[in-house]
Amino acid sequence: MGIITHIGRYFLLLKETFSSPERLSIYWRRTLEEMDLLGVKSVGIVALLSFFMGAVITIQTKTNIDSPLIQAWVVGFAARQSTILEFSPTIIALILAGKVGSNIAAEIGSMRVKEQIDALDIMGVNSAGYLILPKIVASMLINPFLVMVSMFLSIFGGYVAGTATGIISSTDYLQGIQTNFIPYHVTYALIKTVVFAFIIATVSAYQGYYTQGGTREVGISSTKAVVYSNVVILITNYALTQLLLI
Amino acid sequence: MIEVQGLSKRFGTTQVLTDISAVFHKGQVNQIIGKSGSGKSVLAKCMVGLHVPEEGKVLYEGNSFHDMDRVEMTKIRQEIGMLFQGSALFDSLTVLQNVMFPLQMFSKASKSEMEDRAHTCLDRVDIKDKDNLYPAELSGGMQKRVGIARAIAMNPKYLFCDEPNSGLDPQTSIVIDDLIKEITMEFNTTTIVITHDMNSVMETGENIIFINEGRKWWQGTRDELLNSDNKELNEFIFAGSLMRHVKKAMTGRS
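In this text the structure is predicted, and so the values were computed from the model without any measurement.

### Quick notes on the overall build of chain A
Here is step 1: A count of helical and extended segments in chain A gives nine helices and zero strands.
Here is step 2: Order of helices (α) and strands (β) in chain A, N terminus to C terminus: α-α-α-α-α-α-α-α-α.
Here is step 3: With 246 residues in all, chain A has 46% of them scored as buried.
Here is step 4: Residue pairs at least 24 apart in sequence account for 88% of intrachain contacts in chain A once pairs closer than 6 positions are excluded.

If you want it as structure tokens, here you go:
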């Protein structure tokens, strides 16, 4: 099947997904469940990854700009900027594409091969809306929270690594993370996060929804969900950066 | 009553169904029989709207299903109950939640009324004290019974059963067959059973349609089936020695 067909079918699925829900209360309850499953249960991995990501950024920045001409606080400044602008929104999105995206594709794909989606359709339930819409809404609501946690822990990880190893003083690091702070950069990061959340949920759901075959195909759909989500995230990241920052 | 008129379906270049016309009667167990790959499941899926046929019509009480708008189609679908080959129970929901699911989506009843209705349906299929178990914790036969309970939760006018006996031992198969027959009589549903289980055909089949190579080859009653001279039908029905003995015992012919 050609890429144009896939794109067309993806948008038709989105149209189905956003058509009016049968019972709003049930959709809302499912959205809360998905927020727990896709978001709250990802806090651990996001926290761990962000802390060490910040630590590595700080150490590498210090190693690469170790010059008497550059002030010490620049390390904190660089750690904050790279965390807020790129690492937290984009790297966390790529990680979530792996964790959450594969989960979405595998869950919906299994439902497809076990005829559970057919069962929903025959009952008269809009299966695309019932299964996918709560995941989209949940991801778009919870992912900005995850990225905020990531930003904080990454900068904190840089602080801990920098001061513990003695490569930067506490005062210099704190001065660096406060210097030339532009609040819009956080807004920019959160806009990216919401767009990436939409991409992860919809691309993965698309792969799962059109799974054909058995368990092997569910695995293939799951892998495709991660790969295609990552590709679309990286392309969109470039487009959004050009649109929002320049 | 459901009527199929001149229905044809193909996937890519493969013609799966060709010009099928048949009538499925109310209050009867109508059976679609045929070899694996003959197209009987595709016919059922066209009838419930999971596949769109290239040609032909499916009429529910005279109204063409595939010509309906979304609202009308949803209304008809709420009158359809379906038991799937693999039961298709929702893994993440308990037995009670599975049976309550269609009620929660479409009924305006209170939660306690929905629970009462779900318990009535579960009692009807003889499932007791399993409310909080998940489908994975049930045997194949129990899953089928819960599937039937879910299918009848909305008081369907049409009941579709796709290979209800597959994967079940002979005793459990008879229990499921009897249940389908009883429910058909009790609720006066138009029941369509897709099967290649000959015990099931002899036990419950009232209006039998034989599909071969994507075409309707034969239609008749159980008695007509035993006395038919149709070569392909006889080859299919009497492939096993047990059925040949049954035929001899019932008709005196081998």
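### Observations concerning the packing of helix 6 (residues 127-165) of chain A against helix 8 (residues 183-209) of chain A
Residue and element names in this part refer to chain A.
Here is step 1: At their nearest, the axes of helix 6 and helix 8 sit 8 Å apart, and the two run at 150° to each other. Considering the angle they form, helix 6 stands roughly antiparallel to helix 8. The two elements helix 6 and helix 8 cross, and the hand of that crossing is right-handed. From helix 6, A128, I132, K135, I136, S139, M140, N143, P144 and V147 reach across to helix 8, where they touch A189, L190, T193, V194, A197, F198, I200, A201, T202, A205 and Y209.
Here is step 2: Of the residues that constitute the contact of helix 6 with helix 8, the class distribution is 15 nonpolar, four polar and one charged.

### Quick word on the nonpolar core
Here is step 1: Membership of the largest hydrophobic core comes to 125 residues, with the highest contact counts inside it found for I200 of chain A together with L43, M82, V99, A118, A149 and F160 of chain B.
Here is step 2: Both of domain 1 (2-79 + 159-251) and domain 2 (89-155) of chain B provide at least three residues apiece to this core.

### With respect to the environment of A105 of chain A
Here is step 1: One can find A105 of chain A in helix 4 (residues 74-113).
Here is step 2: In this structure A105 of chain A comes out as buried when scored by C-beta crowding, with 29 C-beta atoms within 10 Å.

### What to know about the interface of chain A and chain B
Here is step 1: Listed per partner, the contact involves 13 residues of chain A and 15 residues of chain B.
Here is step 2: In terms of residue count, the dominant contributor to the side of chain A that touches chain B is helix 5 (residues 116-123) of chain A (six residues).

### Section: the sheet that holds strand 7 (residues 158-162) of chain B
Residue and element names in this part refer to chain B.
Here is step 1: Within the open sheet, the six strands sit side by side as 6-7-8-3-9-10. Their pairing is mixed. At either end of the open sheet lies a strand with only one pairing partner, and these are strand 6 (80-83) and strand 10 (215-220). The average undirected angle you get between the axes of adjacent strands in this sheet is 20°.
Here is step 2: For strand 9 (residues 207-212) and strand 10, the ladder comprises five bridges, and the chain directions are antiparallel. Looking at the pairing, I208 lines up with G220 of strand 10.

### Looking at the domain arrangement of chain B
Residues and elements named next belong to chain B.
Here is step 1: Domain parsing of chain B yields domain 1 (2-79 + 159-251) and domain 2 (89-155).
Here is step 2: For domain 1 versus domain 2, the distance between C-alpha centres works out to 25 Å.
Here is step 3: Facing the ten residues of domain 1 at the interface are ten residues of domain 2.
Here is step 4: Ranked by the residues each element gives to the side of domain 1 that touches domain 2, the list is headed by helix 6 (residues 170-187), at five residues.
Here is step 5: In terms of residue class, the side of domain 1 that touches domain 2 is made up of seven nonpolar, three polar and no charged.

### Things to note about the pairing of strand 7 of chain B
Residues and elements named next belong to chain B.
Here is step 1: Counted residue by residue, strand 7 has five buried out of five residues, so it is predominantly covered.
Here is step 2: Burial of the side chains of strand 7 extends over both faces: Y158, F160 and D162 are buried on one face and L159 and C161 on the other.
Here is step 3: Pairing between strand 6 and strand 7: four bridges, direction parallel. Paired with I80 across the strands is Y158, a residue of strand 7.
Here is step 4: Pairing geometry for strand 7 and strand 8 (residues 190-195), over five bridges, is parallel. Paired with L159 across the bridge in strand 8 is T191.
Here is step 5: A crossover connection joins strand 7 to the parallel strand 8 through helix 6; in handedness this β-α-β unit is right-handed.

### Overview of the packing of helix 6 of chain A against helix 7 (residues 170-178) of chain A
Residue and element names in this part refer to chain A.
Here is step 1: Viewed as axis vectors pointing N to C, helix 6 and helix 7 meet at an angle of 155°, and their least axial separation amounts to 9 Å. Between helix 6 and helix 7, the angle is such that the two are roughly antiparallel. The hand of the helix 6/helix 7 crossing is right-handed. Listed contacts from helix 7 to I155, Y159, G162 and T163 of helix 6 are S170, Y173 and I177.

### Considering the sheet that holds strand 5 (residues 63-64) of chain B
Residues and elements named next belong to chain B.
Here is step 1: Across the sheet, four strands lie side by side as 2-1-4-5; this open sheet has antiparallel pairing. Among the strands making up the open sheet, the edge pair consists of strand 2 (14-24) and strand 5.
Here is step 2: In terms of strand pairing, strand 1 (residues 2-11) meets strand 2 through seven bridges, oriented antiparallel. Bridge pairing in strand 2 places E3 opposite V23.
Here is step 3: Helix-sheet contacts for helix 1 (residues 40-47) involve strand 1, strand 2 and strand 4 (55-60), and the interaxial angle to strand 1 is about 115°.

### A few points about the environment of K130 of chain B
All names here are of chain B.
Here is step 1: Following the sequence through the fold, K130 ends up in the loop between helix 4 (111-124) and helix 5 (140-152).
Here is step 2: Here K130 falls in the partly exposed class, since 16 other C-beta atoms lie within 10 Å of it.
Here is step 3: Sequence spacing of K130 and V95 is 35 residues, and the spatial spacing of their C-alpha atoms is 6.7 Å.
Here is step 4: What K130 contacts, discounting residues up to four positions off in sequence, is V95 and L138.

### Some details on unusual backbone geometry
Residues and elements named next belong to chain B.
Here is step 1: Although it is not a glycine, E61 sits at a positive phi angle of roughly 50°.
Here is step 2: As for its placement among the helices and strands, E61 is situated in the loop between strand 4 and strand 5.
Here is step 3: Taking the C-beta count within 10 Å as the criterion, E61 has 13 such neighbours and is therefore assigned partly exposed.
Here is step 4: Even without a glycine there, the phi angle at D129 is positive, about 55°.
Here is step 5: Its place among the elements puts D129 in the loop between helix 4 and helix 5.
Here is step 6: According to the C-beta neighbour criterion, D129 is exposed, with 8 such atoms within 10 Å.

Rules of the game
- Residues numbered from 1 in each chain as written.
- Chains lettered and ligands numbered in written order.
- Predicted model: local features only at pLDDT ≥ 70, side-chain atom pairs only at ≥ 80, totals over all residues.
- Helix = DSSP H or I, 4+ residues; strand = E, 2+ residues; numbered from the N terminus.
- Buried ≥ 20, exposed ≤ 12 C-beta atoms within 10 Å, placed from the backbone.
- Contact = placed C-beta atoms within 7 Å.
- Axes fitted to C-alpha atoms, helices over the stretch in contact; angles between N-to-C directions.
- Parallel < 35°, antiparallel > 145°, perpendicular 65-115°, else oblique.
- Left-handed = near helix turned anticlockwise from the far one by under 90°.
- Nonpolar A, V, L, I, M, F, W, Y, C, P; charged D, E, K, R; others polar.
- Core = buried A, V, L, I, M, F, W, Y, C linked by C-beta atoms within 7 Å.
- Domains from an automatic or database assignment.
- Pairing = 2+ DSSP bridges.
- Right-handed = clockwise from strand over helix to strand, strands pointing away.

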